[in-house]
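Chains, contacts and geometry: an overview
Listed below, chain by chain, are the residues.
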Amino acid sequence: MGRVVVTGAASGIGAACAGTLRARGWDVVATDVRSDLDVHELDVTDEAGWDAVLDAVWPVDALVLSAGIRTRSMIVDTTLEVWRRHLDVNVTGAWLAVRGFLRRNPAPGSAVVTISSVNASLAVPGQAHYVASKGALSALTRAAALEGAPLGVRVNAVAPGPIDTPMAAERLADPDQVAWLTGRVPLGRVGEAPEVASLVAFLLSSDASYISGETIHVDGGWSVNAV
């Protein structure tokens, strides 16, 4: 184990990752745009903020990049500001993290996990800005894996399907939406954040030492369901 920086750690998947990794012996540096007693304040789109955090806690052995946003609107109704904000938080924030990490020459065996989405490969209406940003994040993950490899750094993405988190709370409060989701997912249920965190922990571990550049779905079989 070692030290890991987790973004988006105040709630949802990020919080589950921070808790799971801490329980498994990692020294967790939890960060979020809003600070808390156990969470350091970090706006992932702030270049200087990333340098300050990494300099303060270095050496770092791993990153878990869970910070993200999602809103819903059709393309014709989406403002340029909303489009840019999703790219800034969901893609540029991860790019700044990976760049800062690699620039500091992490030790061989270090690893990065980004939190993408099943929507990186499966588009849905009303979320083109989110779909595009997560597709870009998975692509960034593959490219970063190539550049990290000479340093012995692995980079992978986890792509959750429907997960019970605050981001999904509004949708999961609608019985019709829940019925549609559980009908679409072969396992017939919504996932839980700790189920995502368990895969993240595996990908950071030496058990995943020959896995890099992958986007692995945690979606109850959604991505393979053509029915």
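To be clear, the structure that these remarks concern was listed above.
Everything quoted here is computed from the prediction, not taken from an experiment. (Residues numbered from 1 in each chain as written. Predicted model: local features only at pLDDT ≥ 70, side-chain atom pairs only at ≥ 80, totals over all residues. Heavy atoms only, no water.)

Looking at the overall build of the protein
A count of helical and extended segments in the protein gives seven helices and nine strands. What you see for the protein is a C-alpha radius of gyration of 17 Å, in line with the 17 Å of a compact globule of 227 residues. On the principal axes, the C-alpha backbone points of the protein span a range of 45 × 40 × 35 Å. For the protein, contacts bridging at least 24 residues in sequence account for 72% of all contacts bridging at least 6. Carbon and sulfur atoms make up 55% of the accessible area of the protein, which totals about 10800 Å². Averaging the coordinates of the 17 positive side-chain charges in the protein and doing the same for the 24 negative ones gives two points 4 Å apart. (Helix = DSSP H or I, 4+ residues; strand = E, 2+ residues; numbered from the N terminus. Rg over C-alpha atoms; globule rule 2.2 N^0.38 Å. Contact = heavy atoms within 4.5 Å. Areas by Shrake-Rupley, 256 points an atom, 1.4 Å probe, with all protein chains shown as cover. Lys, Arg positive; Asp, Glu negative; His and termini not counted. Charge placed at Lys NZ, Arg CZ, Asp CG, Glu CD.)

Let's talk about the side chain of Ser116
With respect to the helices and strands, Ser116 occurs in the loop between β5 (111–115) and α4 (128–148). Judged by its relative accessible area of 3%, Ser116 falls in the buried class. Reaching out from Ser116, the side chain makes a polar contact with the side chain of Ser138 at a distance of 2.8 Å. (Buried < 20%, exposed > 50% of the residue type's maximum accessible area, 1.4 Å probe, protein only. Polar contact = N/O pair within 3.5 Å; in protein donor to acceptor, adjacent residues only side chain to side chain.)

Remarks on the side chain of Arg104
Mapping Arg104 onto the fold places it in the loop between α3 (80–103) and β5. The residues contacting Arg104, other than those within four sequence positions of it, are Asp51, Leu54, Asp55 and Trp58.

Structural notes on the pairing of strand β1 (residues 3–7)
The buried fraction of β1 is high, at four of five residues. Note: β1 against strand β2 (residues 27–32), four bridges, orientation parallel. Counterpart to Val6 in the pairing with β2 is Ala30. Remark: the β1/helix α1 (residues 12–23)/β2 crossover connection has right-handed handedness. (Pairing = 2+ DSSP bridges. Right-handed = clockwise from strand over helix to strand, strands pointing away.)

Some details on α3
Considering bend angle alone, the principal kink of α3 is centred on Asp88 and spans about 35°. The set of residues buried in α3 consists of His86, Val89, Asn90, Val91, Gly93, Ala94, Leu96, Ala97, Val98, Gly100, Phe101 and Leu102. Taken together, the buried residues of α3 touch α2 (47–57), β4 (62–65), β5 and α4. (Bend = angle between axes of the 7 residues up to and from the residue.)

Observations regarding the pattern of salt bridges
Per the stated rule, a full pass over the model turns up six salt bridges. A salt bridge links Asp32 to Arg34; its shortest N-O distance comes to 3.7 Å. We note a salt bridge from Glu47 to Arg99, for which the minimum N-O separation is 2.5 Å. Linking Glu47 in helix α2 with Arg99 in helix α3, this pair joins segments that are 52 residues apart in sequence. (Salt bridge = Lys/Arg side-chain N within 4 Å of Asp/Glu carboxyl O.)

All we've got here are geometric facts, nothing functional implied.
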